[in-house]
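Residue-level structural notes
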Amino acid sequence: MFDILIKDALIYDGSGNKPFIGYIAVEGEKISAIGAGAPENENAKKVVDAKGLALSPGFIDVHSHSDRTININPHREQVLRMGVTTEIAGQCGSSRSPVAETMPPEAYDFLFKGGKFSFTTMQEQLDHLNTLPLGPNQCYFTGHNILRGNAMGLQARDATPEEIEIMQKHLALSQQQGSWGVSTGLSYVPGIYCNGHELAMLGKTAGENGGMYTTHSRSESMGLFDSVKECIRVAREGNVPVNISHFKCVGKVFWQRCEEALAMIDDAIAEGLNITLDAYPYIACSTTTLSAIPARFLEHGSEAFVKSLDDPDVVEEIRKEIYEINDPSWDNSMYYVGLENFLIVRANETPWAVGKTYADAAKELGMEPFYGMIHLLKANHAKISEVRFAMCEENVEMILKHPRCMVGSDGIYIPGDQSCHPRAFGTFPRYLGYYIRQRGILTREEGIHRITGMPAQVYGLKNKGLIKQGYDADLVLFAYDNIIDGGDFEDPFKPNEGIHQVYMAGQLVLEDNEPTGNWCGKYLTK
């Protein structure tokens, strides 16, 4: 007798092949039978009539930040409601481990934003993770910013060979204990200070230990082409698979560069290099306001930076560097996107500003936008996040259509937040509902492949991503004809439509948009 029989479903098996009407049977945690048409018998403990619904493997979010909030939000209900059964986190150069005794206090405070949720080793982190009632499965990368913080704090200089070796040793040990590779965040301190050689050496270590190099690259605007060249260099010199995270062109004056940047990646792939990318289905990005401050002002940490804002001369230096000098070596979003397009979504000390642009908030303060931003940064101890309306629909579609592009939410939501980017709640329903069904940028089967079988293959997720006999019974039952995201930038929390059931390891974890309480997520290893 089967444990579960799902019949009369339109089955998208995750391979990119055309769907078929059929059934699947589940025994324990595995898919035990698959067939077209009707099953010969319905001898099962539970029979699900899926007529009119699509059935696919569980969706894989290749760019998550779940590790930042997993301690306070282990259920990750908002993620299950998108149909996601596996998250790949530790992205953008940030991770919770390994934190060595050698990391200076100011570096620790800056990298963990004053919090204490960190671990000395990857093993310690996973031991803690295994005590939590997890929703989706988890995979973690090791953040380059943490490795650099261990070796040299926040210093704005090239690493010495000895310091690179320290980073490599920490990375290798983390991979031996379960890390999937190294991630970089090259528009953030301290990663922004490194050179290409350092990255290639860490990529080499990641590859030698069976992992990948995934990167929030150095520039997504003025320096886009050089940034892509750097990613290609790491793939070539490090002999490592490279994934370029949340690929995009930021700032209207740079939108026309998208096609040429993708062509550079195509040429590298044709050369034989293993390069992929991911993107989210929105025209707005989101990050911290600190990332829009010239990096040299952050070398001594966030507390010292906030204190420095009391000096009018320092504030004037920052203003000049953003609006007059405009150094091409970093992504100057305030200049190219504009504070009128920065929508504040987290500012705990000034909640009245949430939901307003910096320009509008500054107007209420009776200040010019730049000085209003400085005022709010000081008031919030530099802890502000915002959404930046910086991309265009044409490029979003071009990127999502690229044959090596997967989908990652890049979502961060802290329970209790007033707002956030809607990608934390709606990425996958929006991708399938708007871009695949309504816009038709890919076939429905290829759209499913990009969020199931393809990421499972790229990242080496065993027994994931396909509806195949013997594979894990991670499944999503949904209405392809009406799946769509509910949230928007005014209200990101509105419910999605179309997800009927989600299964993980053969257990029903979500039904009619509500979790069942079966918290069966695991940390996945290679």
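Just above, that's the structure.
Predicted model only: the values in this text are computed from it and were never measured.

**A look at the overall build of the protein chain**
- The helix and strand tally for the protein chain stands at 18 helices and 21 strands.
- The C-alpha atoms of the protein chain give 23 Å as radius of gyration, which agrees with the globular expectation for 526 residues (24 Å, within 12%).
- Principal-axis analysis of the C-alpha atoms gives the protein chain an extent of 80 × 50 × 45 Å.
- Expressed as a percentage of the 526 residues in the protein chain, the buried residues total 63%.
- Put simply, of all contacts in the protein chain between residues at least 6 apart along the chain, 75% involve residues at least 24 apart.
- Carbon and sulfur atoms provide 49% of the accessible area of the protein chain, an area that totals close to 19500 Å².
- Positive and negative charge centroids in the protein chain, built from 47 and 68 side chains respectively, lie 2 Å apart.

**Quick notes on the nonpolar core**
- Counting 67 residues, the largest nonpolar core has Phe-59, Leu-432 and Phe-478 as the members making the most contacts within it.
- The element best represented in this core is helix α8 (residues 224-238), accounting for seven residues.
- Residues Tyr-280, Leu-290, Ile-344 and Ile-374 belong to the second largest nonpolar core, which totals 49 residues.

**Some words on helix α11 (residues 312-325)**
- End to end, α11 covers 18 Å across 14 residues, agreeing with the expected 20 Å (1.5 Å per residue, within 8%).
- Among the residues of α11, those classed as buried are Val-314, Val-315, Ile-318, Arg-319, Glu-321 and Ile-322.
- Contacts made by the buried residues of α11 are with α10 (302-308), α12 (333-336) and α14 (369-379).
- Here α11 starts with a cap whose side-chain oxygen sits 2.9 Å from the backbone nitrogen of Asp-313, and that cap is Asp-311.
- Phi for Asn-326, located one or two positions after α11, is positive at around 50°.

**Comments concerning the packing of helix α9 (residues 258-270) against helix α15 (residues 393-401)**
- Across the interface, α9 lies against α15 with an axial gap of 10 Å and an inter-helix angle of 15°. On the basis of the axis angle, α9 is roughly parallel to α15. Judged by the sense of rotation from one axis to the other, the crossing of α9 with α15 is right-handed. Across from Cys-258, Glu-259 and Leu-262 in α9, the residues of α15 making contact are Asn-395, Met-398 and Ile-399.
- Classifying every residue of the contact of α9 with α15 by side-chain character gives four nonpolar, one polar and one charged.

**Considering unusual backbone geometry**
- Of note, the amide linkage connecting Ser-97 to Pro-98 takes the cis form, showing an omega dihedral of 0°.
- In this fold, Pro-98 is placed in the loop between β7 (84-89) and α3 (105-111).
- Looking along the chain, the bond that leaves Val-189 and enters Pro-190 is cis, with omega of 5°.
- Inspection of the secondary structure assignment puts Pro-190 in the loop between β10 (181-185) and α7 (196-208).
- In this structure, His-246 takes a positive phi of about 30° despite not being glycine.
- Mapped onto the elements, His-246 comes out in the loop between β12 (242-244) and α9.
- What makes His-246 buried here is its relative accessible area of 2%.
- You will see that His-381, though not glycine, has its phi angle at about 55°, which is positive.
- Residue position: His-381 is located in the loop between α14 and β16 (385-389).
- Accessibility expressed as a relative area gives 47% for His-381, which makes it partly exposed.

**Considerations on the pairing of strand β1 (residues 2-11)**
- Extensive coverage of β1 is indicated by the burial of seven of its ten residues.
- Bridging between β1 and strand β4 (residues 44-49) involves five bridges; their strand directions are parallel. Residue pairing in the sheet places Lys-7 in a bridge with Asp-49 of β4.
- Of the pairings in the sheet, the one linking β1 to strand β2 (residues 20-27) comprises six bridges and is antiparallel in character. The residue of β2 that forms the bridge with Leu-10 is Ile-21.
- For β1 and strand β5 (residues 54-57), the ladder comprises two bridges, and the chain directions are parallel. The partner of Leu-10 across the bridge, within β5, is Ala-54.

**Describing the sheet that holds strand β13 (residues 275-279)**
- Read from one edge of the open sheet, six strands run β9-β10-β11-β12-β13-β17, paired in parallel fashion. Since the sheet does not close on itself, it has two edges, and those belong to β9 (142-143) and β17 (405-407), each with one partner.
- Inspection of the sheet shows β9 paired to β10 by two bridges, in the parallel sense. Of the residues in β10, the one forming a bridge with Gly-143 is Ser-183.

**Details of the sheet that holds strand β6 (residues 59-61)**
- One open sheet holds the three strands; their spatial order is β6-β7-β8, and the pairing between them is parallel. At either margin of the open sheet sits one strand with a lone partner, and together these are β6 and β8 (137-140). Each strand of the sheet is rotated relative to its neighbour by a mean of 20°, with strand direction disregarded.
- Inspection of the sheet shows β6 paired to β7 by three bridges, in the parallel sense. Looking at the pairing, Asp-61 lines up with Glu-87 of β7.

**Some thoughts on the environment of Lys-113**
- With respect to the helices, strands and loops of the structure, Lys-113 is situated in the loop between α3 and α4 (122-129).
- Here Lys-113 falls in the partly exposed class, since its relative accessible area comes to 46%.
- Between the alpha carbons of Lys-113 and Tyr-193 there is a distance of 19 Å; along the sequence they are 80 residues apart.
- When neighbours within four sequence positions are excluded, Lys-113 is seen to be in contact with Tyr-108, Thr-288 and Lys-383.

Each value, and the rule that gives it
Residues numbered from 1 in each chain as written. Predicted model: local features only at pLDDT ≥ 70, side-chain atom pairs only at ≥ 80, totals over all residues. Heavy atoms only, no water. Helix = DSSP H or I, 4+ residues; strand = E, 2+ residues; numbered from the N terminus. Rg over C-alpha atoms; globule rule 2.2 N^0.38 Å. Buried < 20%, exposed > 50% of the residue type's maximum accessible area, 1.4 Å probe, protein only. Contact = heavy atoms within 4.5 Å. Areas by Shrake-Rupley, 256 points an atom, 1.4 Å probe, with all protein chains shown as cover. Lys, Arg positive; Asp, Glu negative; His and termini not counted. Charge placed at Lys NZ, Arg CZ, Asp CG, Glu CD. Core = buried A, V, L, I, M, F, W, Y, C linked by side-chain atoms within 4.5 Å. Expected span 1.5 Å × (residues − 1). Polar contact = N/O pair within 3.5 Å; in protein donor to acceptor, adjacent residues only side chain to side chain. Axes fitted to C-alpha atoms, helices over the stretch in contact; angles between N-to-C directions. Parallel < 35°, antiparallel > 145°, perpendicular 65-115°, else oblique. Left-handed = near helix turned anticlockwise from the far one by under 90°. Nonpolar A, V, L, I, M, F, W, Y, C, P; charged D, E, K, R; others polar. Pairing = 2+ DSSP bridges.

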